[in-house]
Amino acid sequence: MSVSNQPKGMRIDKAVFWPATAVTLLCGVFFFFFPKESNDVLNKIHAFTTNELGWFFLLFTLAMLGVCLFYAFSKMGNIVLGGEGEKPQFSTLTWLGMVLTSGTGGSLLYLGAIEWIWIMDAPPFGVEPGSMEAARWASTYGMFHWGPSAWAFYMAAAIPIGYFFFAKKKSNMKMSEYCRPLLGKKSDGLAGHALNFFYIFGLLGGVLTSVALGTPAISSGIAHMLGMESTNKAIDILVIALWTLIPVAALVFGLKKGVARLSNLNLWGFVLLIVGILVFGPTWFILNQSTDALGMMIQNFVRMSLATDAIGKGGFPQGWTIFYFAWWAVYALPFGLFIAKISKGRTIRQVVIGGLTAGSLGCMIFYMVLPNFGLDLQLRGVADLVTTLNEKGRGGVVIEMFSHAPGGYFMIALFTIVCLLSYITGHNAVGYSLAAASEKKLHGDQEPQKWNMTFWLILAGVVSLGLYLLNPDALKPLQTVSIITGLPICIALTVLIMSFFKQLKKDFPDGVPSVSKAGEKIYVKNDGTEE
């Protein structure tokens, strides 16, 4: 970072910073003193979101995928997110790795290992639980939930943000500013403040959800590595502290020195884990069943995308697909912001295709290898992972499953480390996005103030850790808190996209011009002034 780009003074936007901080602390107090009541309230809101509004999230997700395809394959795909002569900050491999690791987190690992058990036990479309057909759907649905539909949310948000910040040279990364072409003066009023608040509060909720969901699996792995039969409070505290403090250190070193290196390390951990299982595990079963599952997903993509089971009322779409799509919606703006910030100098087409490909294929490969490795153990009778889940929980499944992998202890250790690294790299994106959205001014390669990034990460860590220490039951409401903001975030994302198209029409009144040859780029003329 050049001297001119160093942060100077207090640049936080108090109208964004303090309300989000206050509401987060108030929620923490409420969860602590009334864990059961708050859990009941959140579950009711969650049930309404996934049941009554299920149709909305399904259609909205397909719409986001359509928007991304339009971004990439229309004339606007040649537009560069940056000024003429500006080059990408990161190599293509590093950039793809940062995209993948920022938008997944450890949830990809532990859900990849255990989700198939839940689906096999309660499959969709009236299939008999525990049957061979249920096993096939269990092998298929993970790839679908973490595939192009999920990543469409991130890329649909990343393109408008990158366009406004790098091409139009906006001086901050607040959602209200990017929606100004559509909202006008309302961006400075209640509507603008609401956009910024839901963005930050939704992301904080996502952080707390990750802490509540991921801590048990990682703690179980560490306990096993230490020769303990079960985890304890000290290990849980250690895990929460690690994924709070390590992202702080990485962000202090900056995007290139800290975050990029941590992302590369995480990416190689991904490769080592997956290749190790694929090569030394049941290779042919994994490859054959993955091909079968990919075929089922492609053949049934529309059905899986729009299924509500309103007549049968089996609950599968609500418990899985709609839940996932609402979850992706919550993370769309912050992860979109992070992807945009690391994509300067690339064309819209490159960002969309690269992001969708790296994200979707990366996640789908995990869901090809991990579930099918577990399925092979279950079907051959080597391990009864269904019973293990019921008796020992998620952490127990991970230990039992990887204990049957070649080099069992090493694979359990690798899984635990990579899972922790995945959460840490995800939290890097979270801390960066929270800080960037709460600063008044931010130009070009300038990064948010380090104390600001540190504050948001420590706030989430302290609230989670405090709740756990004082009342472990208070973590239960955190597991669904992020989903309740799914609907307002979808509205905010719609406003952002509409604002982008309006700005594009203003910048290209005669339409985006065609290029005369492949690879030719279009730069947006910008006078350097804010509009």
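Residues numbered from 1 in each chain as written. Predicted model: local features only at pLDDT ≥ 70, side-chain atom pairs only at ≥ 80, totals over all residues. Heavy atoms only, no water.

### Things to note about the overall build of the protein chain
Operational definition: Counting from the N terminus, the helices are the DSSP runs of H or I reaching at least four residues and the strands are the DSSP runs of E reaching at least two. To sort residues, take the accessible area from a 1.4 Å probe on protein chains only and compare it with the maximum for the residue type: under 20% means buried, over 50% means exposed, and anything in between is partly exposed. The protein chains shown are the only cover counted for residues, whose accessible areas, like all others here, come from Shrake-Rupley with a 1.4 Å probe.
Each helix and strand counted, the protein chain has 19 helices and zero strands in total. Out of the 531 residues belonging to the protein chain, those deemed buried represent 60%. Working note: accessible area of the protein chain is about 20600 Å², and carbon and sulfur atoms make up 66% of it.

### Remarks on unusual backbone geometry
Look at aspartate 309: it is not a glycine, yet its phi comes out positive at around 50°. Within the element layout of this structure, aspartate 309 appears in the loop between helix 13 (301-306) and helix 14 (316-341). For lysine 313, which is not glycine, the phi torsion reads 55° and is therefore positive.

### Describing the confidence of the model for the protein chain
This is how the line gets drawn: Per-residue confidence from the predictor is reported as pLDDT, which spans 0 to 100. Note on contacts: a residue pair is in contact if any heavy atoms of the two residues lie within 4.5 Å.
Mean pLDDT over the protein chain stands at 84; residues scoring 70 or higher make up 89%. Long-range and interchain partners of residues 1-9, a stretch whose pLDDT sits below 50, account for 11 contacts in this model, where long-range means more than four residues apart.

### Description of the packing of aromatic side chains
What counts, and what does not: Two aromatic rings, drawn from Phe, Tyr or Trp (for Trp, its six-membered ring), form a pair once their centres lie within 6.5 Å of each other, and the interplanar angle then sorts them: stacked below 30 degrees, edge-to-face above 60, tilted otherwise. Lysine NZ or arginine CZ positioned within 6 Å of the ring centre and within 35 degrees of the ring normal marks a charge as sitting over the ring.
Under the defined criterion, the tally for this structure stands at 43 aromatic pairs. Centroid distance tryptophan 137 to tyrosine 141: 5.8 Å. Interplanar angle 45°. Geometry classified as tilted. Taken together, the residues span about one helical turn, with tryptophan 137 and tyrosine 141 both in helix 6 (residues 132-145) at a distance of four residues. Neither residue differs from the other here; tryptophan 137 and tyrosine 141 are each classed as buried. One Lys or Arg, arginine 303, reaches over the ring of phenylalanine 125 and ends 3.7 Å from the middle of that ring. Between the NZ or CZ atom of arginine 346 and the centre of the ring of tryptophan 95, over which it lies, the distance is 4.5 Å.

### Things to note about the packing of helix 7 (residues 148-167) against helix 14
Convention followed: Axis lines are fitted through C-alpha atoms, for helices just across the contact stretch, and the angle between N-to-C directions can take any value from 0 to 180 degrees. By convention the crossing between two helices is left-handed if the near helix lies anticlockwise of the far one by an angle smaller than a right angle, and right-handed if it lies clockwise. Lys, Arg, Asp and Glu make up the charged group, whereas Ala, Val, Leu, Ile, Met, Phe, Trp, Tyr, Cys and Pro make up the nonpolar group; the residues left over, Gly among them, are polar.
At a minimum axis separation of 7 Å, helix 7 and helix 14 run at an interaxial angle of 35°. Note that helix 7 runs across helix 14; the crossing there is right-handed. Two secondary-structure elements touch here, helix 7 through Ser149, Ala150, Trp151, Phe153, Tyr154, Met155, Ala157, Ala158, Ile161, Gly162, Phe165 and Phe166 and helix 14 through Phe325, Trp328, Ala329, Tyr331, Ala332, Leu333, Phe335, Gly336, Leu337, Ile339, Ala340 and Lys341. Tallied by class, the residues present in the contact of helix 7 with helix 14 amount to 20 nonpolar, three polar and one charged.

### Description of a nonpolar patch on the surface
In plain terms, the rule: Patch membership needs two things, relative accessible area over 30% and no salt bridge, and members are linked within 9 Å if like-charged or within 5 Å if nonpolar (Val, Leu, Ile, Met, Phe, Trp, Tyr). Salt bridges are defined by distance alone: a side-chain nitrogen of Lys or Arg within 4 Å of a carboxyl oxygen of Asp or Glu.
Among the surface-exposed residues, Trp268, Val271, Val275, Val279 and Phe280 lie close enough to one another that they form a single nonpolar patch of about 530 Å² accessible area. If you trace the backbone, tryptophan 268 turns up in helix 11 (residues 233-280). Tryptophan 268 sits in the exposed class, given a relative accessible area of 59%.

### Things to note about helix 2 (residues 35-50)
What counts here: To estimate the expected span of a helix, subtract one from its residue number and multiply by 1.5 Å. Note that the arc is defined by the directions from the helix axis to the C-beta atoms.
End to end, helix 2 covers 22 Å across 16 residues, agreeing with the expected 22 Å (1.5 Å per residue, within 8%). Of the residues making up helix 2, those classed as buried are Pro35, Ser38, Asn39, Leu42, His46, Thr49 and Thr50. With its buried residues spanning 100° around the axis, helix 2 presents them on a single face. Relative to its buried face, helix 2 has exposed residues pointing more than 90 degrees away, namely Lys36 and Lys44.

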